[in-house]
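# Architecture and fold: a report
So you can see what is in the structure, the chains are spelled out below.
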Amino acid sequence: GGKGGGRPDNAMAGGRDTDKIAEALIEKATVYSYPNEQYLYYYQSNVSYMTLQAEKLGMTYEAYMTATGENEATLRATAERSVLEDMIVYYILEAEGKSYTDDEYNKALDYYIEYYNSYGYNYDRKSIESMFEYYYYPGYLRYQLNRERVIQIVFDSANIVEAK
């Protein structure tokens, strides 16, 4: 369903601390293997990002990695975490049968089009998707919407108790 001009009910998780919910899911997850193609995508994206940052600063890749405290192990761990987050979203939505339909996704796109156009932009569905993909990555908006839906599912099914 939608509220506020077609915006999905859970598009921004209603102000809850979604990072804490996501962290709890990650801590409880067990991974037996990572999909290699997806892992390589994230790993190579991390290397490309570090290379670009080094170039911007006139540094070698190795010098930048040293200066930032990054190394192959941290790049691998970052890639694994990204894949794990994707896997959690996918499997929870699959188990609950609640992935975004194309109609729901288009309503979310319409919300963002209305939002950005109210600030003087002139987006349509294709250009708003391109904008998100340019600043983030292909499929970013759909992933974020699905991630927020998972947070909503967890929040709705949680047994909230008062801290003692």
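Given the structure is predicted, the values throughout are model-derived calculations rather than measurements.

Time to look at the overall build of the chain. Regarding its fold elements, the chain presents seven helices and two strands. Sorting the 164 residues of the chain into buried and exposed places 32% on the buried side. Look at the contacts in the chain between residues 6 or more apart in sequence, and 69% of them connect residues 24 or more apart. With an accessible surface of roughly 11,000 Å², the chain has 51% of that area assigned to carbon and sulfur atoms.

Taken together, the side chains of Tyr-115, Tyr-119 and Tyr-121 define a hydrophobic patch exposed on the protein surface, amounting to about 370 Å² of accessible area. Considering the arrangement of structural elements, one finds Tyr-115 in helix α5 (residues 102–117).

So, on to helix α6 (residues 125–135). In an α-helix, one turn spans 3.6 residues, which is why side chains three or four residues apart end up on the same side. Turning to α6, its buried residues are Ile-128, Met-131 and Phe-132. Across the axial projection of α6, the buried residues extend over an arc of 95°, all falling on one side. Exposed and facing more than 90 degrees away from the buried side of α6 are Lys-126 and Tyr-134. With a side-chain oxygen positioned 3.2 Å from the backbone nitrogen of Lys-126, the residue opening α6 is Asp-124.

Before going further, it helps to spend a moment on the side chain of Arg-149. Tracing the backbone through its elements, the reader meets Arg-149 in helix α7 (residues 140–157). One polar contact links Arg-149 to Glu-104, side chain to side chain, over a distance of 3.2 Å.

Here α7 spans 26 Å end to end across 18 residues, near enough to the 26 Å set by a 1.5 Å rise per residue. What α7 keeps buried is the set Tyr-140, Leu-141, Tyr-143, Leu-145, Asn-146, Arg-147, Glu-148, Arg-149, Val-150, Ile-151, Gln-152 and Ile-153.

Our focus in this paragraph is the packing of α5 against α7. Put simply, α5 and α7 touch, their axes get as near as 11 Å, and they point 105° apart. Classified by the interaxial angle, the pair formed by α5 and α7 is roughly perpendicular. Residues Asp-102, Glu-104, Tyr-105, Ala-108, Leu-109 and Tyr-112 of α5 form the contact with α7, whose own contacting residues are Leu-141, Arg-142, Leu-145 and Arg-149. When grouped by side-chain class, the residues that make up the contact of α5 with α7 number six nonpolar, no polar and four charged.

Evaluated as defined, the whole model comprises 16 aromatic pairs. When the ring of Tyr-112 is compared with that of Phe-132, the centres are 5.6 Å apart and the planes differ by 75°; the resulting orientation is edge-to-face. Here Tyr-112, found in helix α5, pairs with Phe-132, found in helix α6; they are 20 residues apart in sequence, far enough to count as distant. Look at Tyr-112 and you get buried, because its relative accessible area is 8%.

The subject of this paragraph is the environment of Ala-79. Inspection of the secondary structure puts Ala-79 in helix α4 (residues 72–96). Classification of Ala-79 as buried rests on a relative accessible area of 0%. The spatial distance from the C-alpha of Ala-79 to the C-alpha of Tyr-43 is 5.0 Å, given a sequence separation of 36 residues. Apart from residues no more than four positions distant in its own chain, Ala-79 is found in contact with Tyr-39, Tyr-42, Tyr-43 and Asn-46.

One way to put it is that α5 packs onto α6 with a least axis distance of 10 Å and a crossing angle of 85°. Between α5 and α6, the angle is such that the two are roughly perpendicular. When α5 is examined against α6, the residues Tyr-105, Asn-106, Leu-109, Asp-110, Tyr-112, Ile-113 and Tyr-116 are found in contact with a partner set consisting of Arg-125, Ile-128, Glu-129, Met-131 and Phe-132.

Conventions used here
- Throughout, residues of each chain are indexed from 1 in the direction in which the sequence is written.
- Side-chain atom pairs in this predicted model are given and counted only at pLDDT of 80 or more, local residue features only at pLDDT of at least 70, and totals for whole chains, interfaces and linings cover all residues.
- Excluded from the side-chain calculation are hydrogens and water; included are all heavy atoms of the structure.
- Labels follow the DSSP assignment, with helices taken as runs of H or I lasting at least four residues and strands as runs of E lasting at least two, numbered in each case from the N terminus.
- Three exposure classes are used, based on accessible area relative to the maximum for each residue type with a 1.4 Å probe and protein chains only: buried under 20%, partly exposed in between, and exposed over 50%.
- Two residues form a contact once any of their heavy atoms are found within 4.5 Å.
- Accessible surface is estimated by sampling points in the Shrake-Rupley manner with a 1.4 Å probe; for residues, cover comes only from the protein chains shown.
- Residues enter patches when they are more than 30% accessible in relative terms and free of salt bridges; like-charged ones are connected within 9 Å and nonpolar ones (Val, Leu, Ile, Met, Phe, Trp, Tyr) within 5 Å.
- The salt bridge definition used is simple: a Lys or Arg side-chain nitrogen within 4 Å of an Asp or Glu carboxyl oxygen.
- By construction, the arc corresponds to the directions joining the helix axis to the C-beta atoms.
- Distance and chemistry together define a polar contact, namely a pair of N or O atoms within 3.5 Å, with one atom able to donate a hydrogen and the other to accept it when in protein, and with adjacent residues in sequence counting only for side-chain atoms on both sides.
- What a helix is expected to span follows from its residue count: subtract one and scale by 1.5 Å.
- Interaxial angle, 0 to 180 degrees, is taken between N-to-C directions of lines fitted to C-alpha atoms, where a helix line uses only the stretch in contact.
- An angle counts as roughly parallel when it lies under 35 degrees, as roughly antiparallel when it exceeds 145, as roughly perpendicular when it falls between 65 and 115, and as oblique in every other case.
- Residues are grouped as follows: nonpolar covers Ala, Val, Leu, Ile, Met, Phe, Trp, Tyr, Cys and Pro; charged covers Asp, Glu, Lys and Arg; every other residue, Gly included, is treated as polar.
- Only Phe, Tyr and Trp rings take part, Trp by its six-membered ring, and two of them pair if their centres are within 6.5 Å. Stacked means planes under 30 degrees apart, edge-to-face means over 60, and tilted covers everything else.

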